[in-house]
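Fold and geometry: a report
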Amino acid sequence: MPKLALVRHGQSQWNLENRFTGWWDADLTAKGEAEARHAGSLLKDAGFEPQLGFTSLQTRAIRTLWTALTEMDRVWLPVEKHWRLNERHYGGLTGLDKKETAEKHGEDQVHVWRRSYDVPPPPMEEGSAYDMSKDPRYHGIDIPATESLKLTLERVLPYWHETIAARLRHGTDIVIAAHGNSLRALVKHLFQVPDDKITGVEIPTGNPLLIELGDGLQPTSARYLDGSRATDLPALP
């Protein structure tokens, strides 16, 4: 029975500044580093000993995984990084202050952009200061101009099926450090959360979700390791 731990990265600098981050490579704050250490400590105390780690190509997730593994005395663990685990692309909202954006466009519109399942924000304009297309880590990748959660799920699932799930089926225990929306996409898939419910599922920062998987990689149990900061979990499928 393989185990899977999902860890949302700790607070980033743009989280602190209340800005839409998406694919922009904001680093962790001191609080975010502490959250990553706490996540590693929780995983170690739970006796979780993964054999493989996965993360995105974004610094805040990479550093969260590395810091957590350091706390677990497993910094030697093989780690695979992939752009398909990146955060949802916030398009033309990237870099904007969330409060100011709500004042400009209205709270209802911003809520639709942030929380609807299949309505993406406006696309990022070509030549934007936050355009990552010339970043060498994305060479040869067709970077999206914007994404909804639905599009994020469609981007994440091929990597899940072809790489991560394949390793889980061989009995490998895995830890994934990623982002609120790429992890929300995995939770939707694993727990079969309906489209109209998934946007209400919150993934707390630095609080590992430890999942035991049975036949067909169906979750048989799931719990947040820090009960004091846990959010409601979807029902087991």
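Let us look at the structure shown here. (Residues numbered from 1 in each chain as written. Predicted model: local features only at pLDDT ≥ 70, side-chain atom pairs only at ≥ 80, totals over all residues. Heavy atoms only, no water.)

**A word on the pattern of salt bridges**
Two side chains that carry opposite charge are able to pair once their charged atoms sit near each other. In plain terms, the rule: Salt bridge, as applied in this entry: a Lys or Arg side-chain nitrogen positioned within 4 Å of an Asp or Glu carboxyl oxygen. Each residue gets one of three labels from its accessible area relative to the maximum for its type: buried under 20%, exposed over 50%, partly exposed in between, using a 1.4 Å probe on protein chains only.
In this structure the tally under the stated criterion is 12 salt bridges. A salt bridge links arginine 155 to glutamate 147; the nearest nitrogen and oxygen atoms lie 2.6 Å apart. Take arginine 155 and glutamate 147: they sit in the same class, and that class is buried. Between lysine 188 and aspartate 195 there is a salt bridge, and its shortest N-O distance comes to 2.7 Å. Owing to a relative accessible area of 42%, aspartate 195 belongs among the partly exposed residues under this scheme.

**Some points on the nonpolar core**
Under the convention used in this document: To define a nonpolar core, start from buried Ala, Val, Leu, Ile, Met, Phe, Trp, Tyr and Cys residues and group those joined through side-chain atoms within 4.5 Å. A run of H or I in DSSP becomes a helix once it reaches four residues, and a run of E becomes a strand once it reaches two; helices and strands are each numbered from the N terminus. Any two residues whose heavy atoms approach within 4.5 Å at even a single point are treated as in contact.
Ranked by internal contacts, the top residues of the largest apolar core, which has 33 residues, are Leu4, Leu6, Phe54, Trp160, Ile164, Ile174 and Ile176. Within the residue set of this core, elements represented by two or more residues are strand S1 (3-8), strand S2 (52-55), helix H6 (149-169), strand S4 (174-178), helix H7 (180-191) and strand S5 (209-213). In terms of residue count, the dominant contributor to this core is H6 (9 residues). Each residue touching leucine 4, except ones within four places of it in the same chain, is listed here: Trp160, Ile174, Ile176, Leu190, Leu209, Leu210, Ile211 and Leu213. Core analysis: the next-biggest nonpolar cluster, separate from the first, contains 14 residues, Val7, Phe48, Leu65 and Ala177 among them.

**Observations regarding the sheet that holds strand S6 (residues 219-224)**
For the record, the criterion: Only strands joined by at least two bridges in the DSSP assignment are considered to pair. In this analysis an axis means a line fitted to C-alpha atoms, helices contributing only their contacting stretch, and an angle means the value between N-to-C directions, from 0 to 180 degrees.
Ordered by their spatial adjacency, 6 strands build an open sheet running S3-S2-S4-S1-S5-S6, and the pairing between neighbours is mixed. Here the strands that pair on one side only, and so sit at the sheet edges, are strand S3 (79-81) and S6. Across the sheet, the mean angle from the axis of one strand to that of its neighbour is 20°, orientation sign disregarded. Across 4 bridges, S1 lies against S5 in antiparallel orientation. What sits directly across from alanine 5, in S5, is leucine 210. Strand contacts of helix H3 (residues 59-71): S1, S2, S3 and S4, with the helix running at about 140° to S4, the strand carrying the most contacts.

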